[in-house]
Amino acid sequence: NEHRLLAEVGGVLSSLGGPESLRRIPALAVSLIADCAVLFSSSGSGEPLIRIASASRDPSLAWAAEHLMEAPLKHRTEHPVWRAVLEQRSIVAELDPAQYEHMAQSPEHLRALRAVAPRSALVVPLCVGGRCLGALGFCSTARGFDAQDLHLVEEVARRCSLYIENARLHHAEQQALRARDEVLGIVAHDLRNPLNAIHLQLQLLLRRRTDPADRWKEPAENIRSATQRMNRLIQDLLDVTRLEAGALSVDLARMAPDRLITEVVESQRALAAAASIELRSETDPDLPMIQADRGRIQQAFENLLGNAFKFTAPGGKVTVGAQALDRELLFRVSDTGTGISPEHQAHLFDRFWQAKRADQRGVGLGLAIVKGIVTAHGGRIWLESAVGRGTTFFFTLPFAAAAKH
């Protein structure tokens, strides 16, 4: 019977059918192991466990099993299920009917407990690689669970754990493949435009190379600008790869934040003027020194300002500022642009994310790279925005005396 059960469990879990396959496990288990079985899933972050399937050997008690599935399981460390999840070990517990009222989380839950009348409980966590993905819970109304029951249940749980992990990896792989195809398409589009510009300008340059009026200089400058854009896109792809590998390096040095902001603003003033946007700086006097990687912080500012210019209409204003807090310096980049809707704000720092998929002005890496740079310095980054009223990005850097080397 045990071999038959394990074979049936293996058959159910042989294909990555998602939650529907898992929901069949409790019904298989009650045929041999217990009177009632429940399958739980866990986010692993301390959130309430979720019951995703249940079954009862007695069809007349199906309503009670269903109610046990629907009742929320609050985070209570003395509960056998939570003990199994938190301690990542199997729990066998004898249940006294006098404890039902204490265990109940609602009057309906108490009624279901009294109807099932469990006398013994067995809970096995679903663990893979030190992470708990959920638990299998069983209860018996007539007998206690022995070592043979425990061994069988742990075998079932092991198969369920591997199935959940494989399903997760399969889902992640499919998402990665879709993201790769989408990004490759965007990158190909973004690289093709500057390449076409380089080709056209080069043809002009070759025709004018003997022009005494030096009309070849403008095409040459356009070629330089296009190649810089291509190089920046390639650098962004390299940086996000380093972020994924946790290998984004920073070369720290002491520097004055007001001078840093002045350099950033002056380097971006021509772009602001070309977009008819007013660019200005606002810094508190006598700002303390910071310890940072000048090139990386300038890169962060350039990405933030590039976004601000992109979404601010001509005649708008972009402001770069800094002020001292208790132990860190607060930088900000504000614009009077279109603003960001609340449902999009949570995704802004995701890699390859764009609010409008048809927007071909980038690949959605700029803000992810900014966050990686700030995090590598030991700082924090966030934003405040209102649709139609503009957006402000904030990030912090530790003072030089408190910076980590």
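Residues numbered from 1 in each chain as written. Predicted model: local features only at pLDDT ≥ 70, side-chain atom pairs only at ≥ 80, totals over all residues. Heavy atoms only, no water.

> Help me get a handle on the sheet that holds strand β11 (residues 381-386), residues and values and all.
With mixed pairing, the five strands of this open sheet are ordered in space as β7-β9-β10-β12-β11. The strands lining the two open edges of the sheet, one partner per strand, are β7 (278-283) and β11. For this sheet the average axis-to-axis angle between neighbouring strands, irrespective of direction, equals 15°. Examined bridge by bridge, strand β10 (residues 328-335) and strand β12 (residues 390-398) share eight bridges and lie antiparallel to one another. Counterpart to Phe-331 in the pairing with β12 is Phe-395. (Pairing = 2+ DSSP bridges. Helix = DSSP H or I, 4+ residues; strand = E, 2+ residues; numbered from the N terminus. Axes fitted to C-alpha atoms, helices over the stretch in contact; angles between N-to-C directions.)

> Just give me the short version of the packing of aromatic side chains, but keep the residues and values in it.
For the structure shown, the criterion picks out five aromatic pairs. With a centroid separation of 5.5 Å and an interplanar angle of 20°, the aromatic rings of Trp-382 and Phe-394 are classed as stacked. One end of the pair, Trp-382, is in strand β11; the other, Phe-394, is in strand β12, with 12 residues separating them in the sequence. The exposure class assigned to Trp-382 is partly exposed, which follows from its relative accessible area of 28%. (Phe/Tyr/Trp six-rings, centres within 6.5 Å; stacked < 30°, edge-to-face > 60°. Buried < 20%, exposed > 50% of the residue type's maximum accessible area, 1.4 Å probe, protein only.)

> Before we move on, could you go through the pattern of salt bridges and cite the residues and values that matter?
Evaluated as defined, the whole model comprises 13 salt bridges. Between Arg-158 and Glu-155 there is a salt bridge, with its nearest N and O atoms 3.2 Å apart. Placement of the pair is Arg-158 and Glu-155 together in helix α8 (residues 147-208), with a separation of three residues, close to one helical turn. The partner of Glu-328 in a salt bridge is Arg-380, with the nearest N and O atoms 2.3 Å apart. (Salt bridge = Lys/Arg side-chain N within 4 Å of Asp/Glu carboxyl O.)

> Provide a residue-level description of the pairing of strand β9 (residues 317-324), including the pertinent values.
In this structure, β7 lies alongside β9, joined through six bridges in parallel fashion. Looking at the pairing, Ser-281 lines up with Val-320 of β9. Both β9 and β10 contribute to a ladder of seven bridges, which runs antiparallel. Looking at β10, one finds that Gln-323 is bridged to Leu-330. In textbook terms, the turn of a hairpin is the stretch between consecutive antiparallel strands, and for β9 and β10 this stretch comprises three residues.

> Please provide a residue-by-residue account of the pairing of β12, values included.
Within β12, nine of the nine residues are buried, leaving the element largely enclosed by the surrounding structure. Of the strand pairs in this sheet, β11 and β12 are connected by six bridges, and their pairing is antiparallel. Bridge pairing links Ala-386 to Gly-390 in β12. Count of turn residues in the β11/β12 antiparallel hairpin: three residues, of which Gly-388 carries a positive phi of about 85°.

> Go over the environment of Glu-66 with me, naming the residues and quoting the values.
Tracing the chain through its elements places Glu-66 in helix α4 (residues 62-70). On the accessibility criterion, Glu-66 (36% relative accessible area) is partly exposed. For the pair formed by Glu-66 and Ser-56, sequence separation is 10 residues and the distance between their alpha carbons is 8.8 Å.

> Outline the side chain of Thr-391, listing residues and values.
Secondary-structure assignment places Thr-391 in strand β12. We classify Thr-391 as buried; its relative accessible area is 4%. Among the polar contacts listed, one links the side chain of Thr-391 to the side chain of Ser-385, at a separation of 2.7 Å. Aside from chain neighbours lying at most four places away, what touches Thr-391 is Val-333, Ser-334, Asp-335, Gly-339, Ile-340, Leu-383, Glu-384 and Ser-385. (Polar contact = N/O pair within 3.5 Å; in protein donor to acceptor, adjacent residues only side chain to side chain. Contact = heavy atoms within 4.5 Å.)

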